[in-house]
Amino acid sequence: MTPPILRLYPAGFRRAFGDELAEAYREATEGAGRAARLREACDVVAHALRLRLGLGSAQRGGRLFAAAAPFALAATAAYAAFDLVSVTSDRIVSGDPDFLVPLSYVLGGCDLLALVGAVVALGGRYVAGARCAFAGVAATAVALLAVLLPAGASPAPEFTAYLLAPMVAAVVPLACPPDLRPPGRARSAAGIVASAVWAPLAVAVLAVTDADGLGSVLLWRLGVPVAAALLLPGRRALAGIRTTGQFALASTPFVAMGYSAGVVDQDTLPPVAVLLAGAALLLRLWRPRRRDSGPAGTR
């Protein structure tokens, strides 16, 4: 007998693997406690939803999101660092101890959670880190809406886009199939902890050492975190970008972060799009050349 929860799977998948699914589900839940049953049910629902959305590991959508996930995490980390640097640097420049309001501390905590979560996810604790990064981004949106909506103001389209851009970037890693998640850069738990500590310290150093110099330049505030964040995925993640679609999805979070940071707007978006299109063309030309030159070099 097929458990009702397995009916969430697409009909074709049930016909092909229904007996195996039922047997695996029965073995996983037989004699298990309530918590184990709930965990197994959540895993089944998540897997079935991924298959229905075309995000399974054997499906094109799943491979697309898997290639883009490391870069979406890097973009989330870069934008959180940008926010933290901006607030800290502005506070130092102002010299006013009352420069920060209570909401500033709440948003700072959300940014710190998103930054550490993204770094931890890329370091090796992918699930916990990606969920923390998403929680930090979502909490930022909730905090801002909690201030805006009680005042009776309706969000402008620009403000809605400002909130949604980081959310979309933070969702991409959660859509990555479990068996295609990027390998962690850290080789041990100590390495992950060190990365999690290094990230906020680097933000503090960037804000303190150049608060009244280049730190006040918008492109510098965003450019340095982006450059540092791109080092986190590593060369293996870059090698995973094989198609134009993967490149487009991997670069979109950075464009979204640029919009939320005020760097990308209707005037700068066309040149940014042209630059990305040129980079995608170079990628398509470079990949075949590598494949052609690889075997020859081994002869």
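Residues numbered from 1 in each chain as written. Predicted model: local features only at pLDDT ≥ 70, side-chain atom pairs only at ≥ 80, totals over all residues. Heavy atoms only, no water.

1. Some thoughts on helix H4 (residues 102–123)
Part 1: In a regular helix each residue adds 1.5 Å, so 22 residues correspond to 32 Å; H4 covers 32 Å between its end C-alpha atoms and thus fits that length.
Part 2: Of all the residues in H4, the buried ones are Leu 107, Cys 110, Asp 111, Ala 114, Leu 115, Gly 117, Ala 118, Val 119, Val 120, Ala 121, Leu 122 and Gly 123.
Part 3: Where H4 is buried, its residues touch helix H3 (60–94), helix H5 (126–148) and helix H7 (189–209).
Part 4: Directly after H4, the chain includes Gly 124, whose backbone phi takes a positive value near 150 degrees. (Helix = DSSP H or I, 4+ residues; strand = E, 2+ residues; numbered from the N terminus. Expected span 1.5 Å × (residues − 1). Buried < 20%, exposed > 50% of the residue type's maximum accessible area, 1.4 Å probe, protein only. Contact = heavy atoms within 4.5 Å.)

2. Focus: the packing of H3 against H7
Part 1: Orientation of H3 relative to H7, taken along the N-to-C sense of each, is 35 degrees, at an axis distance of 8 Å. The interaxial crossing formed by H3 with H7 has right-handed handedness. Contacts between H3 and H7 pair Ala 81, Leu 84, Val 85, Thr 88, Ser 89 and Ile 92 from the former with Val 203, Leu 206, Ala 207 and Val 208 from the latter. (Axes fitted to C-alpha atoms, helices over the stretch in contact; angles between N-to-C directions. Left-handed = near helix turned anticlockwise from the far one by under 90°.)

3. A word on helix H6 (residues 157–174)
Part 1: Look at H6: 26 Å from first C-alpha to last across 18 residues, which is about the 26 Å you get at 1.5 Å a residue.
Part 2: Along H6, the residues classified as buried are Leu 163, Ala 165, Pro 166, Ala 169, Ala 170, Val 172 and Pro 173.
Part 3: Looking at the buried positions of H6, the neighbouring elements they touch are H3, H5 and helix H10 (244–261).

4. So, the nonpolar core
Part 1: By size, the foremost hydrophobic cluster in this structure holds 25 residues, and its most contacted members are Leu 73, Leu 115, Tyr 126 and Val 203.
Part 2: Breaking this core down by element, the ones donating at least two residues are H3, H4, H5 and H7.
Part 3: Of the residues forming this core, the biggest block, eight residues, is contributed by H3.
Part 4: Residues in contact with Tyr 126, not counting those within four places in the same chain, are Ala 69, Leu 73, Ala 121, Pro 173, Cys 176, Arg 181 and Pro 182. (Core = buried A, V, L, I, M, F, W, Y, C linked by side-chain atoms within 4.5 Å.)

5. Points about the packing of H4 against H5
Part 1: It is at 6 Å that the axes of H4 and H5 come closest, and there the two elements cross at 160 degrees. In terms of orientation, H4 lies roughly antiparallel with respect to H5. Crossing angle aside, the handedness with which H4 passes H5 is left-handed.
Part 2: Residues that form the contact of H4 with H5 fall into these classes: 19 nonpolar, four polar and one charged. (Parallel < 35°, antiparallel > 145°, perpendicular 65-115°, else oblique. Nonpolar A, V, L, I, M, F, W, Y, C, P; charged D, E, K, R; others polar.)

6. Some details on the confidence of the model for the protein
Part 1: Here the protein shows a mean pLDDT of 80. Residues at 70 or above account for 87%.
Part 2: The spread of mean pLDDT over the elements of the protein runs between helix H11 (residues 269–297), the lowest at 66, and H5, the highest at 91.
Part 3: A low-confidence stretch, residues 290–299 stays under pLDDT 50, and its non-local contacts, those more than four residues away or across chains, total zero contacts. (pLDDT = per-residue confidence, 0-100.)

7. A few points about a nonpolar patch on the surface
Part 1: Judged by side-chain polarity, Val 193, Val 197 and Leu 201 come together as a nonpolar surface patch covering roughly 270 Å² of accessible area.
Part 2: In this fold, Leu 201 is placed in helix H7. (Patch = residues over 30% accessible without salt bridge, like charges linked within 9 Å, V, L, I, M, F, W, Y side chains within 5 Å. Areas by Shrake-Rupley, 256 points an atom, 1.4 Å probe, with all protein chains shown as cover. Salt bridge = Lys/Arg side-chain N within 4 Å of Asp/Glu carboxyl O.)

8. Some remarks on the packing of aromatic side chains
Part 1: All chains considered together, the criterion is met by two aromatic pairs.
Part 2: For the pair Tyr 79 and Phe 82, a centre-to-centre distance of 6.1 Å together with 25 degrees between the ring planes defines the contact as stacked. With Tyr 79 and Phe 82 both in helix H3, this residue pair falls three residues apart, about one helical turn.
Part 3: A relative accessible area of 6% means that Phe 82 is categorised as buried.
Part 4: Each ring, one from Phe 159 and one from Tyr 162, has its centre 6.1 Å from the other, and the planes form 25 degrees; the classification is stacked. Placement of the pair is Phe 159 and Tyr 162 together in helix H6, with a separation of three residues, close to one helical turn.
Part 5: Among the residues examined, Phe 159 registers a relative accessible area of 25% and is labelled partly exposed. (Phe/Tyr/Trp six-rings, centres within 6.5 Å; stacked < 30°, edge-to-face > 60°.)

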